[in-house]
Amino acid sequence: MTSRLFIFAAALALMAMPARAEPPSSVDAALSALVGNAKVKAALETIKADDAATFAEQKKITEIAAPPYKEKVRAEYYLKKIQELGFKDASIDSEGNVIALRKGTGGGHPKLAVAAHLDTVFPEGTDVTVREKDGTVVAPGIGDDARGLVALLSVIKAMNANDIATVGDIMFVGDVGEEELGNLRGMKALFRDHTDIDGFISIDGLEINRVVNQATGSHRYEMIFKGPGGHSFQEFGLPSAIHAMGRAIAKIAELQTPSNPKTTFTVGTVSGGTSVNAIAAEARMAVDMRSNSTDELLKLEARLLDLVKQAVAEENARWKTDKLTVEIKLIGDRPAGIVAANSPIVQAAEKSATAVAPGQKVTLAGSSTDSNQPMSLGIPAVTIGGGGEGGNWHSRNEWFKPTDAYLGPQRALLAILMLQGLDGVSKPALAVRAAPK
Ligand SMILES: [Zn+2]
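Notes on the structure in this doc start here. What you see is a predicted model, and the numbers here were worked out from it, not measured in a lab.

## Overview of the overall build of the protein chain
Argument step 1. When helices and strands are counted, the protein chain shows 13 helices and 19 strands.
Argument step 2. Counting only C-alpha atoms, the protein chain reaches 85 × 75 × 40 Å along its principal axes.
Argument step 3. Taking all 437 residues of the protein chain together, the buried fraction comes to 51%.
Argument step 4. Considering only contacts in the protein chain between residues 6 or more positions apart, those separated by 24 or more positions represent 80%.
Argument step 5. As displayed, the protein chain has an accessible area near 19,300 Å², and 56% of this comes from carbon and sulfur atoms.
Argument step 6. Measuring between centres, the 47 positive side-chain charges of the protein chain sit 2 Å from its 51 negative side-chain charges.

## Here's the deal with the packing of aromatic side chains
Argument step 1. All told, the structure shown has four aromatic pairs when counted by the stated rule.
Argument step 2. Lys59 extends its terminal NZ or CZ atom over the ring of Phe55, reaching a point 4.3 Å from the ring centre.
Argument step 3. Directly above the aromatic system of Trp319 lies the positively charged group of Arg318, at a separation of 3.7 Å from the ring centroid.

## Section: the coordination of the zinc ion
Argument step 1. Those donors, His117 (NE2), Asp144 (OD), Asp204 (OD) and Asp204 (OD), are the protein atoms that reach the zinc ion, and they lie 1.9 to 2.5 Å from it.
Argument step 2. Its four donor atoms give the zinc ion angles of 53 to 145° at the centre, a pattern that matches the irregular case.
Argument step 3. Donor residues for the zinc ion, ordered by position in the chain, follow H-x26-D-x59-D. Of this pair, Asp144 sits in the loop between strand 5 (136–138) and helix 7 (146–161) while Asp204 sits in the loop between strand 7 (199–203) and strand 8 (210–215), and the two are 60 residues apart along the sequence. In terms of burial, Asp144 and Asp204 fall into one category: buried.

## Examining the layout of surface pockets
Argument step 1. Taken as a whole, the largest pocket holds about 860 Å³ of empty space.
Argument step 2. Taken together, 40 residues line the largest pocket, and the ones lying closest to its centre are Gly205, Leu206, Glu207, Arg210 and Trp393.
Argument step 3. At the level of secondary structure, the elements contributing two or more residues to the lining of the largest pocket comprise strand 8, strand 9 (217–226), strand 13 (282–291), strand 16 (363–367), strand 17 (381–384) and strand 18 (389–391).
Argument step 4. For the lining of the largest pocket, the element with the highest residue contribution is strand 8, accounting for three residues.

## Looking at the nonpolar core
Argument step 1. The biggest cluster of nonpolar side chains holds 81 residues, and the ones touching the most others in it are Tyr78, Val114, Leu190 and Ile201.
Argument step 2. Of all the elements, helix 7 adds the most residues to this core, at 10 residues.
Argument step 3. Not counting the four nearest positions on each side in its chain, Ile201 is found in contact with Leu112, Ala113, Val114, Ala115, Ile345, Val382, Ile384, Ala415, Ile416 and Leu419.
Argument step 4. Formed by 23 residues, the second largest nonpolar core is a distinct cluster that contains Ala244, Ala248, Ala283 and Met289.

## Digging into the pattern of salt bridges
Argument step 1. Within the structure shown, the criterion is met by 21 salt bridges.
Argument step 2. Across the pair Glu57 and Lys81 runs a salt bridge, and its minimum N-O distance is 3.6 Å. With a gap of 24 residues between them, Glu57 in helix 5 (residues 51–62) and Lys81 in helix 6 (residues 72–84) connect regions that are remote in the sequence.
Argument step 3. On the accessibility criterion, Glu57 (13% relative accessible area) is buried.
Argument step 4. The buried category is assigned to Lys81, whose relative accessible area is 17%.

## Regarding the sheet that holds strand 9
Argument step 1. In spatial order, the strands read 11-13-9-14; together these four strands make up an open sheet with antiparallel pairing. Looking at strand neighbours, the two that pair on one side only are strand 11 (263–272) and strand 14 (325–334), the edges of this open sheet. Neighbour-to-neighbour, the strand axes of the sheet open up by a mean angle of 15°, direction not taken into account.
Argument step 2. Where strand 9 lies against strand 13, 10 bridges are found, and the strand directions are antiparallel. Note that in strand 13 the partner of His219 across the bridge is Met289.
Argument step 3. Taken strand by strand, helix 10 (residues 294–318) contacts strand 9, strand 11, strand 13 and strand 14, and its axis lies near 10° from that of strand 9.

## Topic: the sheet that holds strand 4 (residues 131–133)
Argument step 1. Reading across the sheet, the four strands line up as 4-5-19-18 and stay open at both edges, with antiparallel pairing between neighbours. The open sheet has two free edges, formed respectively by strand 4 and strand 18, since each of these has just one partner strand. Put simply, the sheet's adjacent strands are angled 20° from each other on average, direction ignored.
Argument step 2. Of the strand pairs in this sheet, strand 5 and strand 19 (residues 399–401) are connected by two bridges, and their pairing is antiparallel. Bridge pairing links Val138 to Trp399 in strand 19.

Cut-off values and rules
Residues numbered from 1 in each chain as written. Predicted model: local features only at pLDDT ≥ 70, side-chain atom pairs only at ≥ 80, totals over all residues. Heavy atoms only, no water. Helix = DSSP H or I, 4+ residues; strand = E, 2+ residues; numbered from the N terminus. Buried < 20%, exposed > 50% of the residue type's maximum accessible area, 1.4 Å probe, protein only. Contact = heavy atoms within 4.5 Å. Areas by Shrake-Rupley, 256 points an atom, 1.4 Å probe, with all protein chains shown as cover. Lys, Arg positive; Asp, Glu negative; His and termini not counted. Charge placed at Lys NZ, Arg CZ, Asp CG, Glu CD. Phe/Tyr/Trp six-rings, centres within 6.5 Å; stacked < 30°, edge-to-face > 60°. Lys NZ or Arg CZ within 6 Å of the ring centre and 35° of its normal. Donors = N, O, S within 2.8 Å, 3.2 Å for Na, K, Ca; no water. Tetrahedral: all angles 85-135°; square planar, octahedral: opposite > 155°, others 65-115°. 1 Å grid on protein atoms, 1.4 Å probe; cavity = no way out; pocket = protein on both sides within 12 Å on 5 of 7 lines; lining within 4 Å. Points joined across faces, edges and corners; volume = space filled by probe spheres on them. Core = buried A, V, L, I, M, F, W, Y, C linked by side-chain atoms within 4.5 Å. Salt bridge = Lys/Arg side-chain N within 4 Å of Asp/Glu carboxyl O. Pairing = 2+ DSSP bridges. Axes fitted to C-alpha atoms, helices over the stretch in contact; angles between N-to-C directions.

Everything listed here is a matter of coordinates, which is why it stays silent on function.
Next comes the structure, spelled out in structure tokens:
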């Protein structure tokens, strides 16, 4: 690049600066400006008044089945709901995520994505009828994440009803693929297609006294040991798939991992063999490895895979053969990450919770959620609860009780406003990230 061109480029860059150069305001300054504001108070009241309607919508969404990879019907319904709230351009992306952009007054920066997941863990054909008894509802997915989906709608309604204009842009997302089998495919697509997202909030789970700022990463494998197989007496001398797997498990069981960052492993399931009097031709196991650090996860994985190969070599050596093999398949892949406790997004998630429910103690936690993906990319992210009480997650007896449920969307709204700024009242606390190269 010639120097003249360079100067021209630098001047262009400077011209483009003003919207981006504004330093982020502190979370505390944002909060004190917001809590006294009449529009904000009115919006929080709107959410409270919307509590019963939000709960009714939660039951409705729960009854639209959304098995892994089959979220389409629920996604289309959710898109319609979002369009009814004024997002004429909302759409479903190539992966199946519902996306709606609410523009701010700041020229597009910062950009915050707020998401709840459409998918459930329940396979096709699961009875998703909502059963109700004494104010408690029972249904697969009633809390996880139907609550997050409606909390998000309630936030949008309150912003619209009270003419809330933020400085930063907000991208509202109903995403696919959060649960196990989905491997965060919705998030992977979102952050691949939108490299200008500066921060991310997932509304998942219920508690409003908890902030997930650590992403537990996981790698899961299925390992299939295969040998010739044969009669246990006549063909004694052949390698055994079960013996090889046993050797591997014995080695894995002795692995040592750090407690901080917490790093874990287990052989979760085993199967194999055909008969008590046959040398096993096949054996398989599923292995789970998790860590709050990508580095530790990869280290553990390298050691474990090496031990499995050693076990196969030993079984072959024992019988002086090379007939035993192992096939190693990656069946789960979630990245790890962590967001600093003093970062604006974690602070906003904490302070919004104590603002709507004073006196409670907010704790930081690690979990595996949609936030894993942005966290692994170094994008500030948290997962917060949608409000209410519940339990029996991922079971057909999942239950939900709408106790003070409105606190969930109220807290989410406040956190969003702290991060994105309320036009004319507070500046965004979320920093604009440097443009990715
Ligand atoms: Zn969930």
